[in-house]
Amino acid sequence: MSRKNQTLGEFIIENQSSFKYTSGELSRLINSIRLAAKVVNHEVNKAGLVDIIGAAGDTNIQGEDQQKLDVYANNKFIQTMTKRNIVCGIASEEEDDFISINSQDENHQNKYVVLIDPLDGSSNIDVNVSVGTIFSIYRRVTPVGTPVTIDDFLQKGSQQVAAGYVVYGTSTMLVYTTGDGVNGFTLNPAIGSFYLSHPNMQFPEDGKIYSVNEGNYTHFPQGIKNYIKYCQLEEGDRPYTSRYIGSLVSDFHRNMIKGGIYLYPKSSLNSNGKLRLLYECNPMAFIAEQANGKASDGFTRIMDIKPTELHQRVPFICGSKNMVEKAEEFMRNA
Ligand code: P6P
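Residues numbered from 1 in each chain as written. Predicted model: local features only at pLDDT ≥ 70, side-chain atom pairs only at ≥ 80, totals over all residues. Heavy atoms only, no water.

**Some remarks on helix α5 (residues 222-232)**
The criterion, for reference: Burial classes follow relative accessibility: with a 1.4 Å probe on protein chains only, a residue under 20% of its type's maximum area counts as buried, one over 50% as exposed, and anything between as partly exposed. The helix and strand labels rest on DSSP assignments: H or I over at least four residues marks a helix, E over at least two residues marks a strand, and numbering proceeds from the N terminus. Pairs of residues are marked as contacts when any of their non-hydrogen atoms sit within 4.5 Å.
Taken together, the buried positions of α5 are Gly223, Ile224, Lys225, Tyr227, Ile228, Tyr230 and Cys231. The elements touched by buried residues of α5 are β9 (209-211), β11 (260-264), β13 (316-320) and α8 (321-333).

**Focus on the environment of Met303**
Locating Met303 in the fold gives a position in the loop between β12 (293-296) and β13. A relative accessible area of 4% places Met303 in the buried class. As for Met303 and Met284, which are separated by 19 residues in sequence, their C-alpha atoms are 9.9 Å apart. Look past the residues within four positions of Met303 in its chain and what remains in contact with it is Lys156, Gly157, Ser158, Gln160, Asn282, Ala285, Phe286 and Glu289.

**Some points on the sheet that holds β13**
Our working rule: Strands pair, by our definition, only if DSSP identifies at least two bridges between them. Here, axes are lines fitted to C-alpha atoms. For helices the fit covers the stretch in contact, and angles between N-to-C directions go from 0 to 180 degrees.
Taken in spatial order, the five strands line up as β10-β9-β11-β13-β12 in an open sheet, and their pairing is mixed. The open sheet has two edge strands with one neighbour each: β10 (241-242) and β12. Bridge analysis of β11 against β13 gives four bridges, and the strand direction is antiparallel. What sits directly across from Leu263, in β13, is Ile317. Contacting β9, β11, β12 and β13, α8 crosses the sheet at an angle of about 145° to β13.

**Focus on the environment of Arg139**
Considering the arrangement of structural elements, one finds Arg139 in strand β4 (residues 131-139). A C-alpha to C-alpha distance of 5.6 Å links Arg139 and Lys111, two positions 28 residues apart in sequence.

What follows is the structure, given as structure tokens:
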């Protein structure tokens with residue numbers, strides 16, 4: 001049973017037994033993500049001092065290469081999960097191919113693979129806008145004791161055992177699910193601990209916020225254009241409000257709390273949309289569904305899509321259930 005203000009560590013221990021695969025490994029994996037999130041958070045918060053600490057490509061006062069923050073975040077998450085001897089493979093937006101992990105020669109006995117977008121929205125860092133980390137966790141499908149293969153990563157989103165995000169915003173939060181609801185933890189930077197601040201997060205079934213890059217309007221499919229016009233009509237208790245931060249995690253997080261829909265459709269500019277299925281859409285879809293929301297590509301449930309490539313893109317519509325279903329209705333009737 002969760003109680004407000006318990007720490008993430010206490011929460012993991014208290015809820016470990018409810019996780020059907022419990023062997024403590026997943027708890028240790030979530031803990032390693034927690035640690036990496038705190039390290040990345042510290043660096044992200046310093047980004048505003050780039051004129052003092054040096055931009056990426058510079059060398060800092062210790063003569064070390066100043067890394068781009070997305071490269072830094074990628075390295076930190078990979079190092080932390082590798083050192084903890086928990087995962088057998090990692091795929092990242094920052095890595096062309098997946099990484100097979102056999103740290104400390106455990107002979108590939110670990111059973112989880114992790115897919116990660118280490119710093120989503122990193123272009124916002126230079127203008128001090130929130131960014132995020134997104135992660136997705138599966139059990140491997142190839143035999144334990146052998147190196148992972150691409151098949152361990154190309155699993156449907158419905159096979160995820162856990163997923164979550166970190167939002168480095170006005171406060172830093174870690175929000176995740178292991179298939180038993182969604183819980184949000186806020187970092188107290190003075191202590192360095194995450195505290196349960198948002199137990200059992202739920203999307204309102206309806207909302208008044210739509211999040212889409214309307215600069216692409218003329219390139220959208222007709223169904224999306226019709227839905228956007230529907231949101232802008234004065235009829236009834238509309239119009240809606242347009243809110244688009246340009247950072248998926250931030251737009252998603254606000255919409256989950258207030259009610260809303262996020263859309264990154266395909267267009268004549270991006271024939272499959274922009275977002276990546278494996279480490280952006282699937283984890284956010286898992287969280288959305290666990291929070292009574294919905295996620296589709298406009299026609300198909302995101303978590304039913306069989307992946308074919310590690311970095312494949314899909315159109316993404318996600319948020320309050322009634323809003324997503326209304327958008328899907330416009331897509332069907334276009
Ligand atoms: P655009 C960030 O690059 C990202 O992947 C998401 O976080 C964000 O919602 C989207 O792309 C923004 O893309 O094309 O609207 O700038």
